[in-house]
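Summary of structural features
If you want the building blocks of each chain, they are given just below.
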Amino acid sequence: MLDISKLNQCYGQSHTLRDLYLSIAPRACVSLIGRNGVGKTTLLKCIMGLLSLDSGKIIYDDTDLAGEPAYARVPMRIGYVPQGRLIFPLLTVEENLLVGLGALSGDEQYLPDLIFEVFPVLKNMLKRRGGDLSGGQQQQLAIARALAIRPRLLLLDEPTEGIQPNLVQEIAEIVIHLNREIGLTVLVVEQKLPFVRRVASDFHIMTKGTIVAGGKMEELSESIIAEHLSL
Ligand SMILES: Nc1ncnc2c1ncn2[C@@H]1O[C@H](COP(=O)(O)OP(=O)(O)OP(=O)(O)O)[C@@H](O)[C@H]1O
Ligand SMILES: [Mg+2]
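Just so you know, these numbers come straight off a predicted model, no measurement behind them.

**Here's the deal with the site of ligand 1**
- Around ligand 1, the surrounding shell holds 13 residues, and the nearest of these are G37, K40, T41, T42 and Q83.
- Between an oxygen atom of ligand 1 and a side-chain N or O atom of N36, the distance comes to 3.0 Å.
- V38 is positioned with one of its backbone polar atoms (N or O) 3.2 Å from an oxygen atom of ligand 1.
- When isolated, ligand 1 has an accessible area of 640 Å², and the protein chains bury 58% of it.
- Looking at the shell around ligand 1 element by element, the count peaks at 3 residues for helix 1 (residues 40-47).
- Grouping the amino acids of the shell around ligand 1 by side-chain chemistry returns 2 nonpolar, 8 polar and 3 charged.

Below, the structure is given as C-alpha coordinates:
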(Lines give C-alpha, C1' and ligand atoms only; values in the text may rest on other atoms or scores of the structure.)
(Ligands and ions follow the chains in the order given, each with its own letter.)
Protein backbone atom coordinates (compact mmCIF):
# COMPACT_ATOMS: atom_id res chain seq x y z
CA MET A 1 0.00 0.00 0.00
CA LEU A 2 2.87 2.33 0.90
CA ASP A 3 6.38 1.72 -0.34
CA ILE A 4 9.10 4.18 0.61
CA SER A 5 12.53 3.74 -0.92
CA LYS A 6 15.89 5.48 -0.60
CA LEU A 7 14.30 8.53 0.97
CA ASN A 8 16.60 11.43 1.88
CA GLN A 9 15.58 14.69 3.49
CA CYS A 10 17.67 17.59 4.79
CA TYR A 11 16.82 20.62 6.91
CA GLY A 12 19.40 22.93 5.34
CA GLN A 13 22.78 21.39 6.15
CA SER A 14 21.25 18.87 8.52
CA HIS A 15 20.74 15.49 6.82
CA THR A 16 17.74 14.08 8.70
CA LEU A 17 16.37 11.10 6.74
CA ARG A 18 19.05 8.85 5.24
CA ASP A 19 18.34 6.26 2.54
CA LEU A 20 15.21 5.25 4.37
CA TYR A 21 13.14 2.23 3.25
CA LEU A 22 9.73 1.37 4.70
CA SER A 23 6.91 -0.77 3.33
CA ILE A 24 3.41 -1.05 4.71
CA ALA A 25 1.08 -3.80 3.53
CA PRO A 26 -2.65 -3.15 3.12
CA ARG A 27 -4.53 -3.53 6.46
CA ALA A 28 -1.34 -3.71 8.52
CA CYS A 29 -1.04 -1.73 11.74
CA VAL A 30 2.59 -0.68 11.75
CA SER A 31 4.32 1.10 14.58
CA LEU A 32 7.35 3.31 14.07
CA ILE A 33 9.40 3.63 17.22
CA GLY A 34 12.61 5.46 18.03
CA ARG A 35 14.21 7.84 20.47
CA ASN A 36 13.52 11.58 20.44
CA GLY A 37 14.83 13.49 17.46
CA VAL A 38 15.64 10.55 15.16
CA GLY A 39 13.30 11.78 12.40
CA LYS A 40 9.93 10.08 12.95
CA THR A 41 7.84 13.24 12.57
CA THR A 42 10.00 14.33 9.64
CA LEU A 43 9.15 11.07 7.87
CA LEU A 44 5.39 11.54 8.40
CA LYS A 45 5.64 15.14 7.15
CA CYS A 46 7.42 13.87 4.02
CA ILE A 47 4.65 11.31 3.43
CA MET A 48 2.08 14.11 3.84
CA GLY A 49 3.90 16.45 1.46
CA LEU A 50 4.57 19.02 4.18
CA LEU A 51 8.33 18.79 3.57
CA SER A 52 10.03 18.40 0.23
CA LEU A 53 12.30 15.42 -0.34
CA ASP A 54 15.91 15.59 -1.45
CA SER A 55 15.61 12.20 -3.14
CA GLY A 56 13.67 8.97 -3.00
CA LYS A 57 10.23 7.62 -3.69
CA ILE A 58 7.04 7.34 -1.66
CA ILE A 59 4.75 5.05 -3.66
CA TYR A 60 1.14 4.93 -2.46
CA ASP A 61 -0.78 2.35 -4.46
CA ASP A 62 0.61 3.28 -7.89
CA THR A 63 1.31 6.98 -7.33
CA ASP A 64 4.63 8.54 -6.34
CA LEU A 65 3.57 11.02 -3.65
CA ALA A 66 6.86 12.88 -4.05
CA GLY A 67 5.42 14.64 -7.09
CA GLU A 68 2.07 15.50 -5.54
CA PRO A 69 1.03 18.60 -3.56
CA ALA A 70 0.02 18.11 0.08
CA TYR A 71 -3.74 18.51 -0.57
CA ALA A 72 -3.67 15.61 -3.07
CA ARG A 73 -3.46 13.26 -0.04
CA VAL A 74 -7.09 14.04 0.82
CA PRO A 75 -8.77 12.50 -2.26
CA MET A 76 -6.18 9.70 -2.04
CA ARG A 77 -7.61 9.04 1.45
CA ILE A 78 -4.53 9.51 3.56
CA GLY A 79 -5.49 10.81 7.01
CA TYR A 80 -2.98 12.48 9.32
CA VAL A 81 -3.00 13.11 13.06
CA PRO A 82 0.00 15.39 13.68
CA GLN A 83 2.16 15.35 16.79
CA GLY A 84 0.81 17.84 19.32
CA ARG A 85 -2.68 17.50 17.74
CA LEU A 86 -2.61 20.95 16.03
CA ILE A 87 -6.34 21.48 16.17
CA PHE A 88 -7.57 25.00 15.44
CA PRO A 89 -8.31 26.53 18.86
CA LEU A 90 -10.57 29.34 17.66
CA LEU A 91 -12.66 27.17 15.33
CA THR A 92 -15.53 25.13 16.69
CA VAL A 93 -15.30 21.35 16.89
CA GLU A 94 -17.55 21.11 13.84
CA GLU A 95 -15.40 23.56 11.87
CA ASN A 96 -12.29 21.61 12.86
CA LEU A 97 -13.90 18.46 11.48
CA LEU A 98 -14.93 20.16 8.23
CA VAL A 99 -11.56 21.77 7.57
CA GLY A 100 -10.03 18.99 5.46
CA LEU A 101 -13.09 18.30 3.36
CA GLY A 102 -12.53 21.21 0.97
CA ALA A 103 -10.13 19.08 -1.05
CA LEU A 104 -12.94 16.57 -1.79
CA SER A 105 -15.59 16.98 -4.48
CA GLY A 106 -18.87 18.64 -3.44
CA ASP A 107 -20.94 15.49 -2.94
CA GLU A 108 -18.21 14.01 -0.73
CA GLN A 109 -18.09 16.94 1.68
CA TYR A 110 -20.01 15.43 4.58
CA LEU A 111 -18.98 14.08 7.97
CA PRO A 112 -19.09 10.28 8.05
CA ASP A 113 -21.09 8.53 10.79
CA LEU A 114 -17.89 6.72 11.79
CA ILE A 115 -16.67 9.88 13.59
CA PHE A 116 -19.56 9.90 16.06
CA GLU A 117 -19.65 6.14 16.31
CA VAL A 118 -16.01 6.21 17.47
CA PHE A 119 -16.21 9.49 19.44
CA PRO A 120 -19.81 9.91 20.63
CA VAL A 121 -18.63 12.59 23.08
CA LEU A 122 -17.89 14.97 20.17
CA LYS A 123 -21.53 15.05 19.10
CA ASN A 124 -22.47 17.21 22.08
CA MET A 125 -19.49 19.50 21.60
CA LEU A 126 -19.88 20.50 17.96
CA LYS A 127 -20.40 24.19 18.74
CA ARG A 128 -17.64 24.40 21.37
CA ARG A 129 -14.35 26.01 20.44
CA GLY A 130 -11.53 23.51 19.90
CA GLY A 131 -9.28 25.41 22.30
CA ASP A 132 -11.82 24.96 25.11
CA LEU A 133 -11.57 21.16 24.96
CA SER A 134 -9.37 19.23 27.39
CA GLY A 135 -6.10 17.80 26.08
CA GLY A 136 -7.63 14.35 25.78
CA GLN A 137 -10.69 15.67 23.96
CA GLN A 138 -8.42 17.62 21.60
CA GLN A 139 -6.60 14.39 20.76
CA GLN A 140 -9.95 12.72 20.06
CA LEU A 141 -10.87 15.67 17.85
CA ALA A 142 -7.55 15.41 15.96
CA ILE A 143 -8.20 11.72 15.24
CA ALA A 144 -11.82 12.49 14.31
CA ARG A 145 -10.65 15.23 11.92
CA ALA A 146 -8.39 12.70 10.19
CA LEU A 147 -11.36 10.29 9.93
CA ALA A 148 -13.53 12.98 8.32
CA ILE A 149 -11.95 12.34 4.92
CA ARG A 150 -12.73 8.60 5.23
CA PRO A 151 -9.07 7.56 5.01
CA ARG A 152 -7.77 4.22 3.83
CA LEU A 153 -4.34 4.95 5.32
CA LEU A 154 -4.12 6.66 8.69
CA LEU A 155 -0.89 8.21 10.01
CA LEU A 156 -0.79 8.93 13.74
CA ASP A 157 2.13 10.81 15.32
CA GLU A 158 2.38 10.06 19.06
CA PRO A 159 -1.37 9.95 19.69
CA THR A 160 -0.91 9.25 23.42
CA GLU A 161 1.62 12.01 24.17
CA GLY A 162 0.51 13.92 27.27
CA ILE A 163 -2.67 11.84 27.61
CA GLN A 164 -3.82 10.33 30.92
CA PRO A 165 -3.66 6.51 31.23
CA ASN A 166 -7.38 5.70 30.93
CA LEU A 167 -7.61 7.64 27.67
CA VAL A 168 -4.43 5.95 26.39
CA GLN A 169 -6.32 2.65 26.76
CA GLU A 170 -9.29 4.11 24.93
CA ILE A 171 -7.15 5.38 22.06
CA ALA A 172 -5.54 1.92 21.80
CA GLU A 173 -8.99 0.33 21.50
CA ILE A 174 -10.01 2.91 18.87
CA VAL A 175 -6.90 2.28 16.75
CA ILE A 176 -7.53 -1.48 17.00
CA HIS A 177 -11.19 -0.97 15.97
CA LEU A 178 -10.23 1.23 13.00
CA ASN A 179 -7.62 -1.27 11.82
CA ARG A 180 -9.22 -4.65 12.54
CA GLU A 181 -12.92 -3.88 11.99
CA ILE A 182 -13.07 -0.82 9.73
CA GLY A 183 -10.09 -2.02 7.68
CA LEU A 184 -7.86 1.06 7.77
CA THR A 185 -4.15 0.62 7.23
CA VAL A 186 -2.33 2.35 10.08
CA LEU A 187 1.13 3.79 10.64
CA VAL A 188 1.51 4.92 14.23
CA VAL A 189 4.55 6.68 15.66
CA GLU A 190 4.59 5.91 19.35
CA GLN A 191 7.02 5.83 22.27
CA LYS A 192 4.92 3.83 24.74
CA LEU A 193 5.88 0.20 24.22
CA PRO A 194 2.86 -1.35 25.98
CA PHE A 195 0.62 0.68 23.64
CA VAL A 196 2.65 -0.41 20.62
CA ARG A 197 2.54 -4.06 21.65
CA ARG A 198 -1.22 -3.84 22.15
CA VAL A 199 -2.16 -2.21 18.84
CA ALA A 200 0.48 -2.97 16.21
CA SER A 201 0.92 -5.99 13.95
CA ASP A 202 4.44 -4.95 12.90
CA PHE A 203 7.19 -2.67 14.17
CA HIS A 204 9.98 -0.62 12.66
CA ILE A 205 12.72 1.01 14.69
CA MET A 206 14.32 4.23 13.53
CA THR A 207 17.67 5.56 14.63
CA LYS A 208 19.41 8.57 13.07
CA GLY A 209 17.06 8.93 10.12
CA THR A 210 16.90 5.36 8.93
CA ILE A 211 15.09 2.12 9.78
CA VAL A 212 17.46 -0.27 11.56
CA ALA A 213 15.16 -3.09 12.65
CA GLY A 214 11.65 -4.37 12.00
CA GLY A 215 9.41 -7.37 12.03
CA LYS A 216 6.24 -8.84 13.45
CA MET A 217 5.27 -7.38 16.80
CA GLU A 218 5.94 -10.63 18.67
CA GLU A 219 9.54 -10.49 17.42
CA LEU A 220 10.26 -7.23 19.28
CA SER A 221 12.60 -8.72 21.88
CA GLU A 222 14.22 -7.18 24.93
CA SER A 223 17.60 -7.39 23.20
CA ILE A 224 16.33 -5.37 20.21
CA ILE A 225 14.89 -2.81 22.64
CA ALA A 226 18.15 -2.66 24.59
CA GLU A 227 20.17 -2.22 21.42
CA HIS A 228 18.12 0.51 19.76
CA LEU A 229 15.72 2.09 22.22
CA SER A 230 17.24 2.25 25.70
CA LEU A 231 18.71 5.58 26.70
N1 LIG B 1 12.06 22.67 10.86
C2 LIG B 1 13.23 22.13 11.25
N3 LIG B 1 14.40 22.73 10.93
C4 LIG B 1 15.59 22.18 11.29
N5 LIG B 1 15.71 21.03 11.96
C6 LIG B 1 14.57 20.38 12.32
C7 LIG B 1 13.28 20.90 11.99
N8 LIG B 1 12.35 20.05 12.45
C9 LIG B 1 13.02 19.05 13.06
N10 LIG B 1 14.35 19.25 13.00
C11 LIG B 1 15.40 18.37 13.52
O12 LIG B 1 15.35 17.13 12.79
C13 LIG B 1 15.59 16.04 13.67
C14 LIG B 1 14.41 15.09 13.61
O15 LIG B 1 13.25 15.72 14.16
P16 LIG B 1 11.85 15.00 14.25
O17 LIG B 1 10.88 15.98 14.79
O18 LIG B 1 11.53 14.36 12.95
O19 LIG B 1 12.16 13.85 15.34
P20 LIG B 1 11.20 12.84 16.08
O21 LIG B 1 11.80 11.48 15.93
O22 LIG B 1 9.81 13.03 15.65
O23 LIG B 1 11.36 13.29 17.61
P24 LIG B 1 10.31 13.25 18.84
O25 LIG B 1 10.27 11.83 19.31
O26 LIG B 1 10.91 14.15 19.86
O27 LIG B 1 8.99 13.74 18.33
C28 LIG B 1 15.81 16.64 15.06
O29 LIG B 1 17.19 16.74 15.25
C30 LIG B 1 15.17 18.00 14.97
O31 LIG B 1 15.81 18.93 15.82
MG1 LIG C 1 8.10 13.59 16.58
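**Observations regarding the sheet that holds strand 8 (residues 185-189)**
- Within the open sheet, the 6 strands sit side by side as 6-7-8-3-9-10. Their pairing is mixed. Two strands in the sheet have a free side with no partner beyond their single neighbour: strand 6 (78-81) and strand 10 (210-216). If you compare each strand with its neighbour and ignore which way they point, the axes differ by 15° on average.
- In this sheet, strand 8 lies alongside strand 7 (residues 153-157) in parallel orientation, the contact comprising 5 bridges. Of the residues in strand 8, the one forming a bridge with L156 is V188.
- Sitting on the sheet, helix 1 is in contact with strand 3 (29-33), strand 6, strand 7, strand 8 and strand 9 (202-207), with an inclination near 150° to strand 7.
- Packing of helix 4 (residues 135-147) onto the sheet brings it into contact with strand 6 and strand 7, and relative to strand 6 it is tilted by some 165°.

Conventions adopted
Each chain has its residues counted from 1, running along the sequence as written. Numbering of ligands from 1 and lettering of chains from A proceed in the order in which they are written. Under the rules for a predicted model, residues below a pLDDT of 70 receive no local features and side-chain atom pairs below 80 are neither given nor counted, while totals for whole chains, interfaces and linings still include all residues. With hydrogens and water set aside, each side-chain value is computed from the structure's full complement of heavy atoms. If a single non-hydrogen atom of a residue is within 4 Å of a molecule or strand, that residue counts as near it. For this analysis, a polar contact is any N or O atom pair within 3.5 Å, provided that within protein one partner can donate a hydrogen and the other can accept it, and provided that sequence-adjacent residues contribute only side-chain to side-chain pairs. Exposure was quantified through the Shrake-Rupley algorithm and a 1.4 Å probe, taking into account, for residues, occlusion by the shown protein chains and nothing else. A run of H or I in DSSP becomes a helix once it reaches four residues, and a run of E becomes a strand once it reaches two; helices and strands are each numbered from the N terminus. Under the scheme applied, nonpolar residues are Ala, Val, Leu, Ile, Met, Phe, Trp, Tyr, Cys and Pro; charged residues are Asp, Glu, Lys and Arg; polar residues are all the others, including Gly. Any two strands with at least two DSSP-identified bridges between them are counted as paired. All axes here are fitted lines through C-alpha atoms, helices being fitted over the stretch that makes contact, and every angle between N-to-C directions spans 0 to 180 degrees. Whether two residues are in contact is decided by their heavy atoms: any pair within 4.5 Å suffices.

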